[in-house]
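Overview (structure and organization)
What follows is each chain in one-letter form.
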Amino acid sequence: MALSDDPNWLVNADGVESIQAVVCDLNGILRGKRVPVTQAEKVLKGGIRMPLSIVGVDVWGEDIVGSSHVFASGDMDGICSPTGRGALPINWTLKPSAVVPLWLFKESGEPFLADPRQALANIVRQYHELGLRPVVASEMEFYLIDAEPDHAEPPISPYTGKRLDSDAILSIDELDDFGEFFSDVYAECERQNVPADSAVAENGIGQFEINLIHSDDPLKAADDALFFKRIIKGVARKHGFAATFMAKPYGMRSGSGMHMHFSVIDEDGNNVFDNGTAEGSEVMLNAVAGLTRAMAESTLLFAPHYNSYRRLRPDTHAPTSISWGYENRTAAIRIPGGNPKARRIEHRVAGADANPYLVMAAILGAALVGIRNKWQPPAPVSGRAYLSQLPRIPSEWGSAVTQFEHGAIMSEIFDQDLRSMLIACKRQEIASFAEQVTDYEFSAYLEIV
(Lines give C-alpha, C1' and ligand atoms only; values in the text may rest on other atoms or scores of the structure.)
Protein backbone atom coordinates (compact mmCIF):
# COMPACT_ATOMS: atom_id res chain seq x y z
CA MET A 1 0.00 0.00 0.00
CA ALA A 2 1.04 3.61 -0.34
CA LEU A 3 3.22 5.02 2.38
CA SER A 4 1.70 7.30 5.00
CA ASP A 5 1.24 11.06 4.62
CA ASP A 6 2.96 11.35 8.01
CA PRO A 7 6.37 12.98 7.37
CA ASN A 8 7.80 11.30 10.48
CA TRP A 9 7.00 7.91 8.96
CA LEU A 10 9.07 8.80 5.89
CA VAL A 11 11.97 10.16 7.93
CA ASN A 12 12.10 6.93 9.94
CA ALA A 13 11.45 4.55 7.00
CA ASP A 14 14.23 2.00 6.71
CA GLY A 15 16.76 3.00 4.05
CA VAL A 16 14.73 5.84 2.50
CA GLU A 17 17.11 8.78 1.97
CA SER A 18 15.27 10.89 -0.57
CA ILE A 19 11.87 11.85 -1.93
CA GLN A 20 11.00 12.53 -5.55
CA ALA A 21 8.51 15.42 -5.59
CA VAL A 22 6.90 15.20 -9.04
CA VAL A 23 4.25 16.67 -11.31
CA CYS A 24 3.07 15.13 -14.59
CA ASP A 25 3.67 17.14 -17.75
CA LEU A 26 1.54 17.19 -20.91
CA ASN A 27 3.58 14.35 -22.41
CA GLY A 28 2.86 12.15 -19.40
CA ILE A 29 6.44 12.48 -18.13
CA LEU A 30 7.10 13.02 -14.42
CA ARG A 31 9.20 16.09 -13.69
CA GLY A 32 10.26 17.49 -10.36
CA LYS A 33 12.85 17.56 -7.61
CA ARG A 34 14.83 15.14 -5.49
CA VAL A 35 14.41 16.23 -1.89
CA PRO A 36 16.19 14.86 1.21
CA VAL A 37 13.84 12.78 3.32
CA THR A 38 14.41 15.23 6.18
CA GLN A 39 12.34 17.70 4.11
CA ALA A 40 9.36 15.31 3.94
CA GLU A 41 7.08 17.65 5.86
CA LYS A 42 7.75 20.48 3.40
CA VAL A 43 6.79 18.25 0.46
CA LEU A 44 3.71 16.75 2.08
CA LYS A 45 2.44 20.13 3.32
CA GLY A 46 2.55 21.82 -0.10
CA GLY A 47 5.79 23.71 0.44
CA ILE A 48 7.32 22.85 -2.93
CA ARG A 49 7.16 25.32 -5.83
CA MET A 50 7.91 24.75 -9.52
CA PRO A 51 7.48 26.86 -12.67
CA LEU A 52 4.01 26.54 -14.19
CA SER A 53 5.76 26.13 -17.54
CA ILE A 54 7.20 22.78 -16.43
CA VAL A 55 4.10 20.95 -17.67
CA GLY A 56 4.56 22.35 -21.17
CA VAL A 57 8.16 21.45 -22.03
CA ASP A 58 8.76 19.18 -25.02
CA VAL A 59 9.42 15.44 -24.83
CA TRP A 60 13.16 16.10 -24.38
CA GLY A 61 12.52 18.50 -21.50
CA GLU A 62 13.34 21.64 -23.49
CA ASP A 63 11.50 24.95 -23.03
CA ILE A 64 9.20 25.89 -25.89
CA VAL A 65 10.85 28.60 -27.98
CA GLY A 66 8.83 31.82 -27.84
CA SER A 67 6.33 30.46 -25.31
CA SER A 68 4.36 33.14 -23.49
CA HIS A 69 4.36 30.82 -20.49
CA VAL A 70 8.14 31.11 -20.07
CA PHE A 71 10.04 34.38 -20.51
CA ALA A 72 7.17 36.67 -21.56
CA SER A 73 5.40 35.99 -18.25
CA GLY A 74 8.55 35.85 -16.11
CA ASP A 75 8.28 32.04 -15.90
CA MET A 76 6.30 32.30 -12.70
CA ASP A 77 6.10 29.57 -10.10
CA GLY A 78 3.09 27.56 -9.12
CA ILE A 79 2.25 25.90 -5.82
CA CYS A 80 2.79 22.14 -5.84
CA SER A 81 0.26 20.46 -3.57
CA PRO A 82 0.08 16.73 -2.85
CA THR A 83 -2.63 14.97 -4.84
CA GLY A 84 -3.75 12.92 -1.84
CA ARG A 85 -2.04 9.79 -3.09
CA GLY A 86 0.54 9.99 -0.31
CA ALA A 87 4.14 8.88 -0.75
CA LEU A 88 4.71 5.84 -2.96
CA PRO A 89 7.63 3.47 -2.29
CA ILE A 90 10.30 2.80 -4.92
CA ASN A 91 12.19 -0.45 -4.36
CA TRP A 92 13.70 -1.20 -7.78
CA THR A 93 16.52 1.36 -7.44
CA LEU A 94 19.85 0.73 -5.69
CA LYS A 95 18.59 2.52 -2.60
CA PRO A 96 14.90 2.68 -1.66
CA SER A 97 13.18 6.03 -2.02
CA ALA A 98 9.66 7.42 -2.31
CA VAL A 99 7.78 9.49 -4.86
CA VAL A 100 5.19 12.08 -3.84
CA PRO A 101 2.73 12.99 -6.65
CA LEU A 102 1.91 16.71 -6.78
CA TRP A 103 -0.30 18.93 -8.91
CA LEU A 104 -0.14 22.61 -9.73
CA PHE A 105 -2.10 25.56 -8.39
CA LYS A 106 -1.73 29.26 -9.14
CA GLU A 107 -0.55 31.66 -6.46
CA SER A 108 -4.22 32.62 -5.93
CA GLY A 109 -5.03 29.03 -5.01
CA GLU A 110 -6.93 28.35 -8.24
CA PRO A 111 -6.17 25.07 -10.03
CA PHE A 112 -3.74 25.53 -12.94
CA LEU A 113 -5.84 23.92 -15.66
CA ALA A 114 -2.89 23.30 -17.98
CA ASP A 115 -1.77 20.67 -15.47
CA PRO A 116 -3.17 17.48 -17.05
CA ARG A 117 -4.40 16.12 -13.72
CA GLN A 118 -6.23 19.38 -13.05
CA ALA A 119 -7.76 19.18 -16.55
CA LEU A 120 -9.23 15.76 -15.72
CA ALA A 121 -10.40 16.95 -12.31
CA ASN A 122 -12.29 19.78 -14.01
CA ILE A 123 -14.22 17.28 -16.16
CA VAL A 124 -14.96 15.03 -13.19
CA ARG A 125 -16.36 18.02 -11.26
CA GLN A 126 -18.79 18.65 -14.12
CA TYR A 127 -20.08 15.08 -13.89
CA HIS A 128 -20.51 15.44 -10.13
CA GLU A 129 -22.51 18.64 -10.63
CA LEU A 130 -24.99 16.54 -12.63
CA GLY A 131 -25.12 13.85 -9.93
CA LEU A 132 -23.06 11.45 -12.05
CA ARG A 133 -19.84 9.52 -11.51
CA PRO A 134 -17.75 7.96 -14.28
CA VAL A 135 -16.45 4.44 -13.59
CA VAL A 136 -13.18 3.90 -15.44
CA ALA A 137 -10.79 1.03 -16.18
CA SER A 138 -7.71 0.79 -18.41
CA GLU A 139 -6.03 -1.95 -20.41
CA MET A 140 -2.28 -1.31 -20.61
CA GLU A 141 -0.11 -2.94 -23.30
CA PHE A 142 3.69 -2.86 -23.36
CA TYR A 143 6.74 -4.64 -24.74
CA LEU A 144 9.64 -6.16 -22.85
CA ILE A 145 12.81 -5.60 -24.87
CA ASP A 146 16.53 -6.27 -24.62
CA ALA A 147 18.14 -3.47 -22.62
CA GLU A 148 21.42 -3.48 -24.56
CA PRO A 149 20.73 -2.48 -28.21
CA ASP A 150 19.77 1.04 -29.25
CA HIS A 151 16.81 -0.38 -31.16
CA ALA A 152 13.91 -2.59 -30.14
CA GLU A 153 14.94 -6.23 -29.91
CA PRO A 154 13.03 -9.04 -28.16
CA PRO A 155 14.32 -10.02 -24.72
CA ILE A 156 16.04 -13.23 -23.76
CA SER A 157 13.81 -15.53 -21.75
CA PRO A 158 15.11 -15.87 -18.17
CA TYR A 159 13.75 -19.44 -18.22
CA THR A 160 15.08 -20.83 -21.52
CA GLY A 161 18.04 -18.51 -22.10
CA LYS A 162 16.83 -18.02 -25.69
CA ARG A 163 15.68 -14.85 -27.37
CA LEU A 164 11.93 -14.73 -28.04
CA ASP A 165 11.30 -15.19 -31.75
CA SER A 166 7.56 -15.62 -32.34
CA ASP A 167 4.23 -14.00 -31.61
CA ALA A 168 2.52 -15.85 -28.81
CA ILE A 169 -0.90 -14.37 -28.11
CA LEU A 170 -2.37 -15.65 -24.84
CA SER A 171 0.66 -17.90 -24.34
CA ILE A 172 0.85 -19.25 -20.80
CA ASP A 173 4.42 -20.45 -21.45
CA GLU A 174 5.56 -16.91 -22.21
CA LEU A 175 3.97 -15.65 -19.01
CA ASP A 176 5.82 -18.42 -17.17
CA ASP A 177 9.11 -17.40 -18.81
CA PHE A 178 8.82 -13.99 -17.17
CA GLY A 179 7.11 -15.21 -14.01
CA GLU A 180 9.55 -13.56 -11.59
CA PHE A 181 9.16 -10.23 -13.38
CA PHE A 182 5.37 -10.41 -13.12
CA SER A 183 5.53 -11.46 -9.46
CA ASP A 184 7.57 -8.35 -8.70
CA VAL A 185 5.24 -6.16 -10.78
CA TYR A 186 2.22 -7.33 -8.79
CA ALA A 187 4.09 -6.85 -5.51
CA GLU A 188 5.03 -3.27 -6.44
CA CYS A 189 1.50 -2.54 -7.64
CA GLU A 190 0.17 -3.66 -4.27
CA ARG A 191 2.68 -1.45 -2.46
CA GLN A 192 1.62 1.57 -4.53
CA ASN A 193 -2.10 0.75 -4.40
CA VAL A 194 -2.32 0.18 -8.16
CA PRO A 195 -5.12 -2.37 -8.76
CA ALA A 196 -3.46 -4.65 -11.32
CA ASP A 197 -5.70 -7.46 -12.58
CA SER A 198 -5.05 -10.19 -15.14
CA ALA A 199 -1.96 -10.36 -17.35
CA VAL A 200 -1.88 -11.85 -20.85
CA ALA A 201 0.69 -12.34 -23.59
CA GLU A 202 -0.32 -10.15 -26.53
CA ASN A 203 0.20 -10.30 -30.31
CA GLY A 204 3.80 -9.08 -30.52
CA ILE A 205 7.07 -10.75 -29.52
CA GLY A 206 7.52 -9.93 -25.83
CA GLN A 207 4.28 -7.94 -25.75
CA PHE A 208 2.01 -8.18 -22.71
CA GLU A 209 -1.14 -6.59 -21.37
CA ILE A 210 -2.21 -6.01 -17.79
CA ASN A 211 -5.68 -4.72 -16.97
CA LEU A 212 -6.28 -2.24 -14.17
CA ILE A 213 -9.45 -2.80 -12.16
CA HIS A 214 -12.23 -0.25 -12.61
CA SER A 215 -12.66 2.68 -10.23
CA ASP A 216 -15.38 5.28 -9.73
CA ASP A 217 -12.61 7.84 -9.13
CA PRO A 218 -11.18 8.75 -12.57
CA LEU A 219 -8.35 10.73 -10.98
CA LYS A 220 -7.17 7.64 -9.13
CA ALA A 221 -7.65 5.54 -12.27
CA ALA A 222 -5.42 7.92 -14.24
CA ASP A 223 -2.89 7.98 -11.37
CA ASP A 224 -2.92 4.18 -11.44
CA ALA A 225 -2.17 4.08 -15.16
CA LEU A 226 0.67 6.60 -14.85
CA PHE A 227 2.36 4.86 -11.93
CA PHE A 228 1.74 1.42 -13.44
CA LYS A 229 3.88 2.45 -16.42
CA ARG A 230 6.63 3.55 -14.06
CA ILE A 231 6.43 0.29 -12.11
CA ILE A 232 6.72 -1.77 -15.30
CA LYS A 233 9.79 0.16 -16.46
CA GLY A 234 11.45 0.08 -13.05
CA VAL A 235 10.89 -3.63 -12.41
CA ALA A 236 12.06 -4.47 -15.94
CA ARG A 237 15.37 -2.69 -15.27
CA LYS A 238 15.71 -4.61 -12.03
CA HIS A 239 15.42 -7.87 -13.99
CA GLY A 240 18.01 -6.90 -16.58
CA PHE A 241 15.81 -5.97 -19.53
CA ALA A 242 13.79 -2.91 -20.49
CA ALA A 243 10.13 -2.12 -21.06
CA THR A 244 8.59 0.29 -23.51
CA PHE A 245 5.15 1.83 -23.90
CA MET A 246 5.98 3.16 -27.37
CA ALA A 247 2.91 2.88 -29.57
CA LYS A 248 4.83 0.99 -32.27
CA PRO A 249 8.35 -0.17 -31.32
CA TYR A 250 8.39 -2.69 -34.22
CA GLY A 251 7.24 -1.50 -37.63
CA MET A 252 5.76 -4.83 -38.70
CA ARG A 253 4.35 -6.04 -35.40
CA SER A 254 1.38 -5.17 -33.23
CA GLY A 255 1.30 -1.75 -31.60
CA SER A 256 0.60 -1.10 -27.93
CA GLY A 257 -2.66 0.53 -26.92
CA MET A 258 -4.22 1.97 -23.79
CA HIS A 259 -7.87 1.02 -24.11
CA MET A 260 -10.23 2.79 -21.74
CA HIS A 261 -13.51 1.29 -20.55
CA PHE A 262 -16.06 3.48 -18.84
CA SER A 263 -19.63 3.63 -17.67
CA VAL A 264 -21.47 6.32 -15.70
CA ILE A 265 -23.46 5.81 -12.50
CA ASP A 266 -26.03 8.07 -10.86
CA GLU A 267 -26.34 9.05 -7.20
CA ASP A 268 -28.13 5.76 -6.44
CA GLY A 269 -25.36 3.70 -8.04
CA ASN A 270 -27.35 2.84 -11.16
CA ASN A 271 -25.49 2.47 -14.45
CA VAL A 272 -27.09 5.12 -16.69
CA PHE A 273 -25.81 3.27 -19.81
CA ASP A 274 -28.01 0.28 -18.94
CA ASN A 275 -31.59 0.05 -20.21
CA GLY A 276 -31.86 -3.70 -19.83
CA THR A 277 -30.96 -4.43 -23.47
CA ALA A 278 -27.81 -5.11 -25.46
CA GLU A 279 -28.29 -1.80 -27.30
CA GLY A 280 -27.73 0.37 -24.24
CA SER A 281 -29.58 3.46 -23.06
CA GLU A 282 -30.23 6.75 -24.81
CA VAL A 283 -27.63 8.34 -22.52
CA MET A 284 -25.04 5.84 -23.73
CA LEU A 285 -25.87 6.66 -27.34
CA ASN A 286 -25.54 10.38 -26.56
CA ALA A 287 -22.09 9.66 -25.08
CA VAL A 288 -21.07 7.67 -28.17
CA ALA A 289 -22.20 10.57 -30.36
CA GLY A 290 -19.99 12.98 -28.42
CA LEU A 291 -17.04 10.63 -28.79
CA THR A 292 -17.46 10.19 -32.54
CA ARG A 293 -17.93 13.93 -33.16
CA ALA A 294 -14.83 14.74 -31.11
CA MET A 295 -12.67 11.91 -32.50
CA ALA A 296 -10.73 13.82 -35.15
CA GLU A 297 -10.02 16.87 -33.00
CA SER A 298 -9.05 14.76 -29.97
CA THR A 299 -6.74 12.34 -31.82
CA LEU A 300 -3.66 14.33 -30.79
CA LEU A 301 -4.33 13.35 -27.18
CA PHE A 302 -4.62 9.66 -28.09
CA ALA A 303 -1.64 9.73 -30.48
CA PRO A 304 0.63 12.48 -29.16
CA HIS A 305 3.99 11.47 -30.65
CA TYR A 306 5.73 10.93 -34.00
CA ASN A 307 5.76 7.18 -33.44
CA SER A 308 2.09 7.09 -32.43
CA TYR A 309 0.86 7.28 -36.02
CA ARG A 310 2.67 4.10 -37.03
CA ARG A 311 0.13 2.25 -34.88
CA LEU A 312 -3.01 3.69 -36.48
CA ARG A 313 -2.91 1.54 -39.61
CA PRO A 314 -5.50 -0.87 -41.11
CA ASP A 315 -5.52 -4.51 -40.01
CA THR A 316 -3.20 -3.92 -37.05
CA HIS A 317 -5.66 -4.34 -34.14
CA ALA A 318 -5.81 -0.53 -33.94
CA PRO A 319 -8.68 1.60 -35.29
CA THR A 320 -8.42 3.81 -38.37
CA SER A 321 -12.01 4.97 -38.89
CA ILE A 322 -14.27 7.20 -36.82
CA SER A 323 -16.71 4.44 -36.00
CA TRP A 324 -18.47 2.53 -33.28
CA GLY A 325 -20.06 -0.87 -33.03
CA TYR A 326 -21.33 -3.63 -30.80
CA GLU A 327 -18.68 -6.26 -29.99
CA ASN A 328 -16.53 -4.99 -32.85
CA ARG A 329 -12.80 -4.63 -32.20
CA THR A 330 -12.14 -3.09 -35.61
CA ALA A 331 -14.14 0.01 -34.62
CA ALA A 332 -12.72 2.94 -32.64
CA ILE A 333 -15.47 2.62 -30.06
CA ARG A 334 -16.69 -0.81 -29.00
CA ILE A 335 -19.75 -1.64 -26.90
CA PRO A 336 -18.87 -4.91 -25.15
CA GLY A 337 -21.55 -7.56 -24.70
CA GLY A 338 -22.50 -9.32 -21.50
CA ASN A 339 -24.84 -8.47 -18.65
CA PRO A 340 -26.68 -5.17 -19.37
CA LYS A 341 -25.97 -4.05 -15.79
CA ALA A 342 -22.32 -3.78 -16.81
CA ARG A 343 -23.03 -1.93 -20.07
CA ARG A 344 -20.05 0.25 -20.90
CA ILE A 345 -18.06 1.92 -23.66
CA GLU A 346 -14.59 0.79 -24.69
CA HIS A 347 -12.55 3.55 -26.35
CA ARG A 348 -9.79 1.88 -28.40
CA VAL A 349 -7.87 4.76 -30.02
CA ALA A 350 -5.23 5.77 -27.47
CA GLY A 351 -1.75 4.34 -27.68
CA ALA A 352 0.13 3.20 -24.61
CA ASP A 353 2.39 6.24 -25.11
CA ALA A 354 -0.42 8.71 -24.35
CA ASN A 355 -0.88 10.72 -21.16
CA PRO A 356 -3.58 8.91 -19.10
CA TYR A 357 -4.95 12.17 -17.64
CA LEU A 358 -5.45 13.76 -21.05
CA VAL A 359 -6.87 10.56 -22.54
CA MET A 360 -9.46 10.27 -19.80
CA ALA A 361 -10.25 13.99 -19.86
CA ALA A 362 -10.77 13.91 -23.64
CA ILE A 363 -12.97 10.81 -23.54
CA LEU A 364 -15.07 11.72 -20.50
CA GLY A 365 -15.29 15.33 -21.67
CA ALA A 366 -16.50 14.45 -25.18
CA ALA A 367 -19.00 11.95 -23.78
CA LEU A 368 -20.33 14.62 -21.41
CA VAL A 369 -20.75 17.12 -24.27
CA GLY A 370 -22.74 14.49 -26.17
CA ILE A 371 -24.89 13.73 -23.14
CA ARG A 372 -25.63 17.41 -22.46
CA ASN A 373 -26.58 18.08 -26.08
CA LYS A 374 -28.48 14.79 -26.51
CA TRP A 375 -26.57 14.12 -29.71
CA GLN A 376 -27.34 11.01 -31.74
CA PRO A 377 -24.51 8.85 -33.11
CA PRO A 378 -24.16 7.56 -36.67
CA ALA A 379 -25.23 3.99 -37.35
CA PRO A 380 -23.06 1.34 -35.68
CA VAL A 381 -20.63 -0.39 -38.00
CA SER A 382 -20.84 -4.13 -38.62
CA GLY A 383 -17.99 -6.31 -39.80
CA ARG A 384 -14.59 -4.98 -40.82
CA ALA A 385 -14.47 -1.25 -40.13
CA TYR A 386 -11.17 -0.96 -42.03
CA LEU A 387 -13.03 -1.52 -45.31
CA SER A 388 -15.93 0.80 -44.65
CA GLN A 389 -16.31 4.18 -46.36
CA LEU A 390 -16.14 6.00 -43.06
CA PRO A 391 -14.47 9.25 -42.00
CA ARG A 392 -10.90 8.60 -40.95
CA ILE A 393 -8.98 9.18 -37.77
CA PRO A 394 -6.14 11.61 -38.59
CA SER A 395 -3.17 9.55 -39.73
CA GLU A 396 -0.57 12.32 -39.68
CA TRP A 397 0.83 14.14 -36.65
CA GLY A 398 0.65 17.68 -38.02
CA SER A 399 -2.95 17.24 -39.14
CA ALA A 400 -3.89 16.04 -35.67
CA VAL A 401 -2.30 19.15 -34.12
CA THR A 402 -4.25 21.41 -36.47
CA GLN A 403 -7.55 19.66 -35.80
CA PHE A 404 -6.96 19.86 -32.05
CA GLU A 405 -6.15 23.57 -32.39
CA HIS A 406 -9.39 24.37 -34.22
CA GLY A 407 -11.64 21.84 -32.48
CA ALA A 408 -14.78 23.38 -31.01
CA ILE A 409 -15.36 20.45 -28.66
CA MET A 410 -11.73 20.50 -27.46
CA SER A 411 -12.06 24.21 -26.68
CA GLU A 412 -15.10 23.38 -24.57
CA ILE A 413 -13.29 20.60 -22.71
CA PHE A 414 -9.81 22.06 -22.16
CA ASP A 415 -8.56 25.38 -20.82
CA GLN A 416 -6.91 27.69 -23.34
CA ASP A 417 -3.59 27.56 -21.45
CA LEU A 418 -3.42 23.78 -21.83
CA ARG A 419 -4.37 23.93 -25.49
CA SER A 420 -1.84 26.61 -26.40
CA MET A 421 0.94 24.91 -24.42
CA LEU A 422 0.27 21.51 -26.00
CA ILE A 423 0.04 22.91 -29.54
CA ALA A 424 3.32 24.82 -29.15
CA CYS A 425 4.98 21.76 -27.63
CA LYS A 426 3.92 19.46 -30.46
CA ARG A 427 4.88 21.93 -33.19
CA GLN A 428 8.35 22.22 -31.67
CA GLU A 429 8.66 18.43 -31.59
CA ILE A 430 7.45 18.15 -35.21
CA ALA A 431 10.08 20.68 -36.29
CA SER A 432 12.79 18.73 -34.49
CA PHE A 433 11.84 15.44 -36.14
CA ALA A 434 11.68 17.15 -39.55
CA GLU A 435 15.37 18.07 -39.22
CA GLN A 436 16.51 14.47 -38.67
CA VAL A 437 17.79 12.26 -41.50
CA THR A 438 17.36 8.58 -40.63
CA ASP A 439 19.83 5.81 -41.50
CA TYR A 440 17.17 4.24 -43.73
CA GLU A 441 16.66 7.49 -45.61
CA PHE A 442 20.41 7.96 -45.99
CA SER A 443 20.97 4.45 -47.34
CA ALA A 444 18.02 4.72 -49.72
CA TYR A 445 19.07 7.96 -51.40
CA LEU A 446 22.82 8.37 -50.93
CA GLU A 447 24.02 7.04 -54.31
CA ILE A 448 20.87 6.82 -56.40
CA VAL A 449 19.66 10.42 -56.53
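The paragraphs below set out a description of the structure included in this document. Counting starts from 1 at the beginning of each chain's written sequence and moves along it residue by residue. Predicted model: local features are reported for residues with pLDDT of at least 70 only, side-chain atom pairs are reported and counted for 80 or more only, and whole-chain, interface and lining totals are derived from all residues. Computation of side-chain values: all heavy atoms of the structure, hydrogens and water removed.

**Remarks on the packing of helix α5 (residues 179-191) against helix α6 (residues 218-238)**
- Orientation is described by axes fitted as lines to C-alpha atoms, over the contacting stretch for helices, and by angles from 0 to 180 degrees between their N-to-C directions. Starting at the N terminus, helices and strands are each numbered in turn, a helix being any DSSP run of H or I of at least four residues and a strand any DSSP run of E of at least two. Between α5 and α6, the shortest axis-to-axis distance is 10 Å and the interhelical angle comes to 140°. In terms of orientation, α5 lies oblique with respect to α6. Considering the relative orientation of α5 and α6, their crossing is right-handed. Note on element contacts: α6 touches α5 through Phe228, Ile231, Ile232, Val235, Ala236 and Lys238, opposite Phe181, Asp184, Val185, Glu188 and Cys189.
- Across the contact of α5 with α6, the residue classes break down as eight nonpolar, no polar and three charged. For classification purposes, angles smaller than 35 degrees are called roughly parallel, those larger than 145 roughly antiparallel, those between 65 and 115 roughly perpendicular, and all remaining angles oblique. In this scheme the handedness of a crossing depends on how the near helix is turned from the far one: anticlockwise by less than a right angle means left-handed, clockwise means right-handed. Residues are treated as being in contact if the distance between any of their heavy atoms lies within 4.5 Å. Side-chain classes follow a simple rule in which Ala, Val, Leu, Ile, Met, Phe, Trp, Tyr, Cys and Pro form the nonpolar group, Asp, Glu, Lys and Arg form the charged group, and the remainder, Gly included, forms the polar group.

**Overview of the side chain of serine 215**
- Considering the arrangement of structural elements, one finds serine 215 in strand β9 (residues 207-215).
- Counted as a polar contact is a pair of N or O atoms within 3.5 Å, where, for protein atoms, one must be capable of donating a hydrogen and the other of accepting one, and residues adjacent in sequence contribute only when both atoms are in side chains. Of the polar contacts made by the side chain of serine 215, one reaches the backbone nitrogen of aspartate 217; its length is 3.0 Å.
- When neighbours within four sequence positions are excluded, serine 215 is seen to be in contact with Pro134, Val135, Val136, Lys220 and Ala221.

**Thoughts on the environment of aspartate 197**
- By secondary structure assignment, the location of aspartate 197 is in strand β8 (residues 196-201).
- The rule is simple: take the accessible area with a 1.4 Å probe, protein chains only, and divide by the maximum for that residue type; under 20% is buried, over 50% is exposed, in between is partly exposed. Residue classification places aspartate 197 among the partly exposed positions, given a relative accessible area of 39%.
- A C-alpha to C-alpha distance of 5.2 Å links aspartate 197 and asparagine 211, two positions 14 residues apart in sequence.
- Once you skip the residues sitting within four places of it in the chain, aspartate 197 turns out to touch Tyr186, Ile210, Asn211 and Ile213.

**A few points about helix α3 (residues 116-129)**
- Expected span of a helix: the number of residues minus one, times 1.5 Å. With 14 residues, α3 should cover 20 Å at 1.5 Å per step; its first-to-last C-alpha distance of 20 Å lies within 8% of that length.
- In terms of burial, α3 is largely enclosed, as 10 of its 14 residues are buried.
- Among the residues of α3, those classed as buried are Pro116, Arg117, Gln118, Ala119, Leu120, Ala121, Ile123, Val124, Gln126 and Tyr127.
- The N-capping residue of α3, defined by a side-chain oxygen 2.8 Å from the backbone nitrogen of arginine 117, is aspartate 115.
- Remark: glycine 131 follows α3 within two positions and exhibits a positive phi of approximately 75°.

**Brief notes about the pairing of strand β2 (residues 30-36)**
- Direction of pairing for strand β1 (residues 18-24) relative to β2: antiparallel, over a ladder of seven bridges. Within the sheet, the bridge partner assigned to glutamine 20 lies in β2 and is arginine 34. Here, a strand pair is defined by DSSP locating no fewer than two bridges between the strands.

**Structural notes on the packing of aromatic side chains**
- Two rings from Phe, Tyr or Trp (for Trp, the six-membered ring) form a pair when their centres are within 6.5 Å of each other. A pair whose planes differ by under 30 degrees is stacked, one over 60 is edge-to-face, and the rest are tilted. Per the stated rule, a full pass over the model turns up 18 aromatic pairs.
- Here phenylalanine 182 and phenylalanine 208 contribute two aromatic rings whose centre-to-centre distance is 5.1 Å and whose plane-to-plane angle is 75°, an arrangement assigned as edge-to-face. One end of the pair, phenylalanine 182, is in helix α5; the other, phenylalanine 208, is in strand β9, with 26 residues separating them in the sequence.
- Assessed through its relative accessible area of 6%, phenylalanine 182 is described here as buried.
- Owing to a relative accessible area of 0%, phenylalanine 208 belongs among the buried residues under this scheme.
- Between tyrosine 306 and phenylalanine 433, the ring centres sit 4.6 Å apart and the planes meet at 10°, which makes this aromatic pair stacked. A residue pair is termed long-range when its members are at least 10 positions apart, and tyrosine 306 in the loop between α7 (282-302) and β12 (324-326) and phenylalanine 433 in helix α11 (residues 416-434) qualify at 127 residues.

**Overview of the pattern of salt bridges**
- Throughout this description, the term salt bridge denotes a Lys or Arg side-chain nitrogen within 4 Å of a carboxyl oxygen of Asp or Glu. Summed over the entire model, instances satisfying the criterion amount to 16 salt bridges.
- Across the pair aspartate 224 and lysine 220 runs a salt bridge, and its minimum N-O distance is 3.0 Å. In this pair, aspartate 224 and lysine 220 are both assigned in helix α6, four residues apart and thus about one turn of the helix distant.
- The exposure class of aspartate 224 is buried, given its relative accessible area of 2%.
- Residue class for lysine 220 comes out partly exposed when judged on its relative accessible area of 22%.
- Its salt-bridge partner being arginine 384, residue aspartate 315 comes within 2.6 Å of it at the nearest N-O pair. Taken together, the residues span a long stretch of sequence, with aspartate 315 in the loop between α7 and β12 and arginine 384 in the loop between α8 (356-373) and α9 (397-406) at a distance of 69 residues.

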